[in-house]
Amino acid sequence: MDTVTLEGTEYNVLAKRPESLTDKPFTYCPGCNHGTTHKIIAEVIDELDIQHRCIGIASVGCSVFSYEFFDFDFISVPHGRALAVATGAKRMRPNAVLMTYQGDGDLAAIGTAETIHACNRGERVTCIFVNNAIYGMTGGQMAPTTLLGMKTTTSPLGRDATRIGWPIKMSEMLSPLPGAAYIARVSMHDAKHILKAKAAIKKAFRAQLEDKGFSMVEVLSNCNVNWHMTPEDAVKFVKEKMTENFPLGVYKDVWEEEKAAKQPKKEEG
Amino acid sequence: MPMIEILDDACKGCLLCIPACPHELIHNTKAKLNKRGLYPVEYVDPEGKCTGCRLCAIVCPDVAIRVYKEVKKKSA
């Protein structure tokens, strides 16, 4: 642990900026959970000591500038194609640790085909899917993950299921595929859930490092500016409405399945 | 005594740390502006109530909070 001397007293530093982040301050809106997500990813990368062989893939969306904030190699890719580029990078450099950082407009709308097939092929990449139920960067249009009844600039009367359909649930969709090793949905609404999210992201990176298969962590995030709320209300909305529509939990865990397969069946004995 | 340091120029004044602190030591005083033109929160702890639980630093989206805890000297 780092120590610092302030006014003649020696202190341990319990919390500071992780090594895997650059010194550049985040350009996200005040209260945006992108910053929290960046921080916990950087902490996990520091703890696993994989910064020197990490390659990140920045998608299109608010997260397009994430290459400015992470202190390792980054590729900026066309809209929705992050997992396709990650597949190529991983196959050319099998020792690299590949991370894609994608929003819901990127992964669940234009990139659905890439996502499903990368998962089905069992690519050894880790995908961080930040779901805030809206297109944040372009000004708050309706995304595939927008909740029913939610007002956006392209659904001013609220999302209507008979006309536009229901919010897409990526974690539930991907978990039955055999290529998936670890699929979890976590939330960012309080400190307890942020720590749970960190544990899930660590496990997702472990799935890649142990060559188990595709891993994805869906992070329920906020967008207080386009939801027209204060940051505190936006966090409350995530806690009450988002987690109700997108249940939290681990949808696929290859270690649990291996453990269950090893145990002898009790009924036959 | 554990204590925290708020980096004024990194803080964007989203106020998410205020409900996170169990001892209510972080306040939105609006006493000063930072170089972004935003009001950073202020840490007020005259009685030394901070326990170094790091909850404020965990919820801070801009990594603007550092948490320090005094090094315990081993008595010989």
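Our next topic: the interface of chain A and chain B. Contact with chain A, which involves 32 residues of that partner, is made by 25 residues of chain B. In total, chain A and chain B occlude about 2,300 Å² of area from one another, counting both sides; carbon and sulfur atoms represent 67% of this. Where chain A packs against chain B, one counts zero salt bridges. For the interface between chain A and chain B, the tally reads nine residue pairs in polar contact (both at pLDDT 80 or more). Those elements that provide at least two residues to the side of chain A that touches chain B are strand 1 (3-6), strand 2 (9-15), helix 1 (33-48), helix 8 (191-209) and helix 10 (231-245) of chain A. Per element, the largest residue contribution to the side of chain A that touches chain B is seven residues, and it comes from strand 2 of chain A. Pairing analysis gives four bridges linking strand 2 of chain A to strand 4 (residues 65-70) of chain B, with the strands arranged antiparallel. Counterpart to Val13 of chain A in the pairing with strand 4 of chain B is Tyr68 of chain B.

Residue and element names in this part refer to chain A. Tallying each qualifying case throughout the model produces 19 salt bridges over all chains. The residue Glu47 makes a salt bridge to Lys198 at a minimum N-O spacing of 2.9 Å. Of this pair, Glu47 sits in helix 1 while Lys198 is found in helix 8, placing the two residues 151 residues apart along the sequence. The shortest N-O distance in the salt bridge between Glu172 and Arg185 comes to 2.7 Å. Of this pair, Glu172 sits in helix 7 (residues 170-174) while Arg185 is found in strand 7 (residues 180-187), placing the two residues 13 residues apart along the sequence. When its relative accessible area of 26% is taken as the criterion, Glu172 is described as partly exposed. Looking at Arg185, the relative accessible area reads 1%, which means it is buried. Each member of the salt-bridge network shares a partner with another, and the members are Glu43, Glu47, Lys198 and Lys202.

Quick look at unusual backbone geometry now. Despite not being glycine, Ala133 of chain A shows a phi value in the positive range, around 65 degrees. Given the relative accessible area of 0%, Ala133 of chain A is considered buried. In this model, Val63 of chain B sits at a positive phi of 50 degrees, which is unusual for a non-glycine residue. Structurally, Val63 of chain B is set in the loop between helix 2 (55-59) and strand 4. Of the residues examined, Val63 of chain B reaches a relative accessible area of 6% and is grouped as buried.

Right, let's get into helix 1 of chain A. Residue and element names in this part refer to chain A. Its 16 residues place the ends of helix 1 23 Å apart at the C-alpha level, agreeing with the 22 Å of an ideal helix rising 1.5 Å per residue. Residues Asn33, His34, Gly35, Thr36, Thr37, His38, Lys39, Ile40, Ile41, Ala42, Val44 and Ile45 constitute the buried set of helix 1. Asp49 sits one or two residues past helix 1 and shows a positive phi near 55 degrees.

What follows is about the sheet that holds strand 1 of chain A. Here we have four strands laid out as an open sheet, ordered 1(A)-2(A)-4(B)-1(B), and antiparallel in their pairing. On the outer flanks of this sheet lie strand 1 of chain A together with strand 1 (3-6) of chain B, each paired with one strand and no other. Going from strand to strand, the sheet's axes swing by 40 degrees on average, the running direction of each strand aside. With four bridges connecting them, strand 1 of chain B and strand 4 of chain B associate as antiparallel partners. Considered in strand 4 of chain B, the bridge of Met3 of chain B is made with Tyr68 of chain B.

So, on to the packing of helix 1 of chain A against helix 8 of chain A. Residue and element names in this part refer to chain A. The N-to-C vectors of helix 1 and helix 8 enclose an angle of 50 degrees; their axes lie 9 Å apart at closest approach. Our classification of the angle between helix 1 and helix 8 gives oblique. Between helix 1 and helix 8 lies a crossing whose hand is right-handed. Across the interface between the two elements, Thr36, Ile40, Ile41, Glu43, Val44, Ile45, Glu47 and Leu48 from helix 1 touch Ile194, Ala197, Lys198, Ile201, Lys202, Phe205 and Leu209 from helix 8. The residue makeup of the contact of helix 1 with helix 8, split by class, is ten nonpolar, one polar and four charged.

Looking at chain B as a whole, its pLDDT mean stands at 90, while 97% of the residues score no less than 70. Interface predicted TM-score (ipTM) for the complex: 0.91; the corresponding pTM is 0.93.

This paragraph deals with the layout of surface pockets. A volume near 470 Å³ is recorded for the largest pocket. Lining the largest pocket are 22 residues, with Leu14, Ala15, Lys16, Pro18 and Glu43 of chain A positioned closest to its centre. Sorting the residues of the lining of the largest pocket by element identifies strand 2, helix 1 and helix 8 of chain A together with helix 2 of chain B as the ones contributing at least two each. No other element matches the five residues that helix 1 of chain A contributes to the lining of the largest pocket. Residues belonging to the lining of the largest pocket are distributed by class as follows: twelve nonpolar, no polar and ten charged. Quantified by volume, the second largest pocket comes out at close to 330 Å³. Along the wall of the second largest pocket there are 15 residues; nearest its centre are His189, Asp190 and Val235 of chain A together with Leu16 and Pro19 of chain B. Breaking the lining of the second largest pocket down by element, the ones donating at least two residues are helix 8 and helix 10 of chain A together with helix 1 (17-20) and helix 2 of chain B. Here the element with the most residues in the lining of the second largest pocket is helix 10 of chain A; it accounts for four residues.

Reading the values: rules and limits
- Residues numbered from 1 in each chain as written.
- Chains lettered and ligands numbered in written order.
- Predicted model: local features only at pLDDT ≥ 70, side-chain atom pairs only at ≥ 80, totals over all residues.
- Heavy atoms only, no water.
- Contact = heavy atoms within 4.5 Å.
- Buried area = accessible area lost by both parts, 1.4 Å probe.
- Salt bridge = Lys/Arg side-chain N within 4 Å of Asp/Glu carboxyl O.
- Polar contact = N/O pair within 3.5 Å; in protein donor to acceptor, adjacent residues only side chain to side chain.
- Helix = DSSP H or I, 4+ residues; strand = E, 2+ residues; numbered from the N terminus.
- Pairing = 2+ DSSP bridges.
- Buried < 20%, exposed > 50% of the residue type's maximum accessible area, 1.4 Å probe, protein only.
- Expected span 1.5 Å × (residues − 1).
- Axes fitted to C-alpha atoms, helices over the stretch in contact; angles between N-to-C directions.
- Parallel < 35°, antiparallel > 145°, perpendicular 65-115°, else oblique.
- Left-handed = near helix turned anticlockwise from the far one by under 90°.
- Nonpolar A, V, L, I, M, F, W, Y, C, P; charged D, E, K, R; others polar.
- pLDDT = per-residue confidence, 0-100.
- 1 Å grid on protein atoms, 1.4 Å probe; cavity = no way out; pocket = protein on both sides within 12 Å on 5 of 7 lines; lining within 4 Å.
- Points joined across faces, edges and corners; volume = space filled by probe spheres on them.

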